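Chains, contacts and geometry: an overview
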Amino acid sequence: MKDSEEAVSGYLAEHPYLSSAAGFSQQHTSVSLHSATTVVRAPEAVVRGRWSPSVNAFVGEELLLNHRRSSRDMGMNLGVSRYYAHDAVLSSAHSDLAERLDGAIALPERRRLKSALTSTVVARRSERAFSGKPATTEEMATVLWHGQGVSGSLPVGSPQDPDAAVPLRNAPSGGGLYPVRVAVIAQNVKGLNPGCYEYQPHSHTLFPVRPGPVALSDQLWAADVDLNGVSFALAYVYDLYVNSQKYGDSGLIFALIEVGAISQNIHLARTALGMIGCDQGGYDKQRLERLLHCDGTTRHVVHFTLLGHGEV
Ligand SMILES: Cc1cc2nc3c(=O)[nH]c(=O)nc-3n(C[C@H](O)[C@H](O)[C@H](O)COP(=O)(O)O)c2cc1C
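Residues numbered from 1 in each chain as written. Predicted model: local features only at pLDDT ≥ 70, side-chain atom pairs only at ≥ 80, totals over all residues. Heavy atoms only, no water.

Glancing now at the packing of aromatic side chains. Taken as a whole, this structure holds 2 aromatic pairs when the rule is applied. Here the aromatic rings of Tyr283 and Phe304 are separated by 6.1 Å at their centres, their planes lie at 40°, and the arrangement is tilted. Of the two residues, Tyr283 is situated in the loop between strand E10 (276–279) and helix H11 (285–291) and Phe304 in strand E11 (residues 299–308); the sequence distance between them amounts to 21 residues. Accessibility expressed as a relative area gives 13% for Tyr283, which makes it buried. The class for Phe304 is buried, based on a relative accessible area of 0%. Here Arg100 stacks its cationic end above the ring of Phe207, 4.0 Å away from the centre of that ring. Stacked on the ring of Trp145, the Lys or Arg Arg110 has its end atom at 4.0 Å from the ring centre. (Phe/Tyr/Trp six-rings, centres within 6.5 Å; stacked < 30°, edge-to-face > 60°. Helix = DSSP H or I, 4+ residues; strand = E, 2+ residues; numbered from the N terminus. Buried < 20%, exposed > 50% of the residue type's maximum accessible area, 1.4 Å probe, protein only. Lys NZ or Arg CZ within 6 Å of the ring centre and 35° of its normal.)

Next up, the structure:
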C-alpha cells in the first residue's frame, strides 16, 4: 500500500497480466448499491447476497447451509423408517395407478440399441444445428424409454400382499420414489400432433397435456439454435412432495441427481439413434410451468432438453 506510483507502474510493466486480473476482478465483483432493490439479479449480486441475505438471498447457499446432515440428525432416519410401513410400500408398488389411461396415446415399442457403450459415451456431444427433419414416434419412444422406462421390479411382498413389487426404471431414484416426470413438447414428430404430453412410464404412453403447437422461442432464450428445426423438447418436472416426505431437504438434491441420470440416458439413446440434442439452461421457468400445468409450488420444471435430427 505504501509503494510509490513509479513502483506500481514498474510491477505492472514487469507482470502485464496484473492489469487484466485487476480489471476482471473489478468487473466481476463490483455490485451496485442498488442491486438489492432492482429486479435484475446478476449472478455476482446473488453470490454476494451473503453480505445482506435478508434482501438478496442466495438460495443455493441457503439450501446447502441448511442441508446439514450428520449422524446425530435423526430426521432422515425417521423419514426413511416410515417408508418401510406397509401402506408406504404398497403405494410405491402401485404407483402405476397414478397414470391416466383414458385418452393416452400408446407409443411404439422402443428400439433395442446395439451401439457399444464406450463409443456412444464418447460420441455424445451437445449439437445445436437442427435440420427440421421430423423424428419418428419410434425414435421418441426409444429416447423416453431409455430415460424413464420401466425395466425391472423389486419384490416387497408382505403377508397382506405377497406379490407386491415396486416397478424399477432405467435411471436410479432415491427410495424408488421417482419424483421426476418427463414432459414432451412435440413440434415435428411424424404421426403425433404438435402439443404437450407427459410420458407415462408404466403404460409406455403419452398423456396429452395441452393440444396445439408451442412456439419454443417463447419458452427459452437460445440465440444460437434454430428452434424451428427441433423435433421435440423435453421438460423435466420435479414433484417436491413425492420424495421430500421421506427425505426432507435431501429430496431436492436427490431429484437434481436423478434428472442428471435421466437426461444422460436420454442423450446416450439419441446418440445411438443418430439424433442430435442439447440441454438448455436458459428456459423461462414460469412460462413453461404455466404451459405444462405445473403450479410452480409443488411441481417445478428443473431442466430442459432439445432433440431432433441434424443435417445429413
Ligand atoms: C444443465 C445444463 C445446461 C445447459 N444449458 C445450455 C444452454 O442453455 N445452451 C447451450 O447451447 N448449451 C447448454 N448446455 C450444453 C453445454 O454447453 C455442453 O454440455 C458443454 O458445452 C459441453 O459440451 P458437450 O455436451 O458437447 O460435451 C447445457 C448443459 C447442461 C448440463
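The structure having been displayed, the exposition proceeds.
Let us look at the nonpolar core. Side chains of a nonpolar character, in soluble globular proteins, are inclined to be buried together. Counting residues in each nonpolar core, the largest one holds 28 residues, and the members touching the most others are Met140, Leu144, Val184, Leu206, Phe232, Leu234 and Tyr236. Elements with a minimum of two residues in this core: helix H8 (137–148), strand E5 (180–186), strand E7 (195–200), strand E9 (232–239) and helix H10 (250–272). With 5 residues, H8 is the largest single contributor of residues to this core. Formed by 23 residues, the second largest nonpolar core is a distinct cluster that contains Ala222, Leu288, Val301 and Leu306. (Core = buried A, V, L, I, M, F, W, Y, C linked by side-chain atoms within 4.5 Å.)

As a volume, the largest pocket reaches approximately 540 Å³. Lining the largest pocket are 25 residues, and of these Ser95, Ala98, Arg169, Leu177 and Tyr178 lie nearest its centre. Counting residues per element, the ones that place at least two in the lining of the largest pocket are helix H6 (86–93), strand E4 (165–169), E5, E7 and helix H9 (240–247). Of the residues belonging to the lining of the largest pocket, the class tally is 12 nonpolar, 8 polar and 5 charged. (1 Å grid on protein atoms, 1.4 Å probe; cavity = no way out; pocket = protein on both sides within 12 Å on 5 of 7 lines; lining within 4 Å. Points joined across faces, edges and corners; volume = space filled by probe spheres on them. Nonpolar A, V, L, I, M, F, W, Y, C, P; charged D, E, K, R; others polar.)

Glancing now at the pattern of salt bridges. All chains considered together, the criterion is met by 7 salt bridges. Here Lys285 and Glu289 are joined by a salt bridge, their closest N and O atoms 2.7 Å apart. Of this pair, Lys285 and Glu289 both sit in helix H11, separated by 4 residues, roughly a single helical turn. Each of Arg181, Glu198, Asp239 and Arg299 takes part in a single network of salt bridges with overlapping partners. (Salt bridge = Lys/Arg side-chain N within 4 Å of Asp/Glu carboxyl O.)

Glancing now at H9. Among all positions in H9, only Asn243, Ser244, Lys246 and Tyr247 are buried. Looking straight down H9, one finds its buried side chains confined to an arc of 160°; they lie on one side. Looking at the packing, one finds that the buried side of H9 touches helix H5 (75–82), E9 and H10. Two residues or fewer after H9 comes Gly248, characterised by a positive phi angle close to 60°. (Arc of directions from axis to C-beta. Contact = heavy atoms within 4.5 Å.)

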